[in-house]
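Chain residues, written in single-letter form:
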Amino acid sequence: MKKLAVILYITIISISTASANEVWNETDWSNLNWDSTDLVDPEIAPGELVLQTDPNHFVLAFDASEYSGIWDLAVWQDNLYLAAGPNPPMMSDGGDILVYDYQANSCSVDYQVFEQGIVVLKVHDGVIYSPGVDSLGSHNWGNIYLNDGSGWVRKETIPYAVHVFDLFFHEGKVWVTTGRGYPDNAGTLFSSSDMGDTWVEEFGLYSEPPNFNFRRIYGATSYGGSIIMQPDFLQPEGSVYLEMQPDGTVLEHNISTHSDGISGFQEFNGQLWCRQRYALYSFDGESFTLHDLPVGTPSYAS
């Protein structure tokens, strides 16, 4: 399914009625097998959000009154899944995975993660995943959550990962970015070739002097055969994006400014677009270019 090339920040306050002017004639709407009475261009509006006759403007599909943040969206098995929880995450207990059925115009809690919040949903090879951003259990192990169609499973398997910030797929493996506690407070990149049962540490960020700071690797993605990572912008690396090349070499790409939050990544028009909370960069495979966002406009999901 094509993903909308937009950046969304949703803090939405009971399910309301979807647009009465849209008629979906096929159940598999996520693959564009539908007709619209308004003839909205499916390249612009493949069903993730309901649009009226003017495809340049969003209209509300529904509200989620008990949640202060909807942090990510993913389409899986022809339903829209939402990562819902506190604002900001990692500050209070709880995180829900909501499922919205457009045909039935209903939304329900599909699963509750054992975390202080939820920020990421990813779909790959028919499986939906979420990294455990801040476990309510032991900090000896971080979590990932996955559902292959037989129900949600929590895998408490990532060594000393206090935070598991992002999850992506590269070379047939599942990869996660973390901030770990024992023994060195490092920001770490792990890979798993068995869907999260076991993990191999692939890369780490360490403070100087040792254990002076809690280091973090936030967002990451696979692009052009490499892995692009957003670190915590602390010294000694500073304001850089990191690129791990296929041979394991890690390059530092300088950027002019940065802001907090987990980067979201989207390939568009032959480039990789990297969204921070108050900054947007594009990467052409050689360097990062900053693009202005409206002043004071935070973005959280891409």
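Residues numbered from 1 in each chain as written. Predicted model: local features only at pLDDT ≥ 70, side-chain atom pairs only at ≥ 80, totals over all residues. Heavy atoms only, no water.

Undergrad: Would you mind showing me how to read the confidence of the model for the protein chain here?
TA: Low pLDDT means the predicted coordinates in that region are not meant to be read closely. When pLDDT is averaged along the protein chain, the result is 80; 75% of the residues meet or exceed 70. Considering only residues more than four positions removed or in separate chains, one finds that residues 1-54, a stretch of pLDDT under 50, has 129 contacts. (pLDDT = per-residue confidence, 0-100. Contact = heavy atoms within 4.5 Å.)

Undergrad: What is the right way to look at the environment of Tyr 145 in this model?
TA: Inspection of the secondary structure assignment puts Tyr 145 in strand β7 (residues 141-147). Residue class for Tyr 145 comes out buried when judged on its relative accessible area of 0%. Residues Tyr 145 and Lys 155, spaced ten residues apart in sequence, show a C-alpha to C-alpha distance of 6.2 Å. Sequence-distant contacts of Tyr 145, that is, excluding residues within four places in its chain, are made with Tyr 111, Val 113, Phe 114, Glu 115, Ile 128, Tyr 129, Ser 130, Gly 132, Trp 152, Val 153 and Arg 154. Within the structure, Tyr 145 has its side chain in polar contact with the backbone nitrogen of Phe 114 (distance 3.0 Å). (Helix = DSSP H or I, 4+ residues; strand = E, 2+ residues; numbered from the N terminus. Buried < 20%, exposed > 50% of the residue type's maximum accessible area, 1.4 Å probe, protein only. Polar contact = N/O pair within 3.5 Å; in protein donor to acceptor, adjacent residues only side chain to side chain.)

Undergrad: Help me understand the side chain of Asp 96, please; the structure alone is not making it clear to me.
TA: Structurally, Asp 96 is set in strand β3 (residues 96-101). The side chain of Asp 96 is buried and forms no salt bridge, while Arg 154, the nearest opposite charge, is found at 13 Å. Here Gln 112 takes part through its side chain, which lies 3.3 Å from a polar atom of the side chain of Asp 96. Not counting residues up to four positions away in its chain, the partners in contact with Asp 96 are Tyr 67, Leu 82, Ala 83, Ala 84, Val 109, Tyr 111, Gln 112 and Ile 118. (Lys, Arg positive; Asp, Glu negative; His and termini not counted. Salt bridge = Lys/Arg side-chain N within 4 Å of Asp/Glu carboxyl O.)

Undergrad: Would you explain the side chain of Gln 230 in this entry?
TA: For Gln 230, the location among the structural elements is in strand β14 (residues 226-231). Overall, the relative accessible area of 1% leaves Gln 230 in the buried class. A polar atom in the side chain of Gln 230 sits 2.6 Å from the backbone nitrogen of Ser 263. Gln 230 has contacts with Ile 217, Tyr 218, Gly 219, Tyr 241, Ser 259, Gly 261, Ile 262 and Ser 263, leaving out every residue within four places of it along the chain.

Undergrad: Whenever I open this one, the sheet that holds strand β5 (residues 122-124) confuses me. Can you help?
TA: Sheet strands line up and pair through hydrogen bonds in the backbone, either parallel or antiparallel. Reading across from one edge, β5-β6-β7-β8 is the order of the four strands in this open sheet, with antiparallel pairing throughout. Single-partner strands in this sheet number two, and they are β5 and β8 (152-159). For this sheet, the mean angle separating the axes of adjacent strands, direction not counted, is 30°. Where strand β6 (residues 127-131) meets β7, four bridges bridge the pair, whose relative direction is antiparallel. Note that in β7 the partner of Pro 131 across the bridge is Ile 144. (Pairing = 2+ DSSP bridges. Axes fitted to C-alpha atoms, helices over the stretch in contact; angles between N-to-C directions.)

Undergrad: What's the story with the pattern of salt bridges in this structure? I'm lost.
TA: Where charged atoms of side chains with opposite charge meet at close range, the side chains can pair. All chains considered together, the criterion is met by seven salt bridges. Ionic pairing is found between Asp 166 and Lys 122, a salt bridge with its closest N-O pair at 3.1 Å. Of this pair, Asp 166 sits in strand β9 (residues 161-170) while Lys 122 sits in strand β5, and the two are 44 residues apart along the sequence. Owing to a relative accessible area of 3%, Asp 166 belongs among the buried residues under this scheme. Arg 154 is the partner of Glu 156 in a salt bridge, and the nearest nitrogen-oxygen pair spans 3.8 Å. For Glu 156, a relative accessible area of 33% corresponds to the partly exposed category. Of the residues examined, Arg 154 reaches a relative accessible area of 33% and is grouped as partly exposed.

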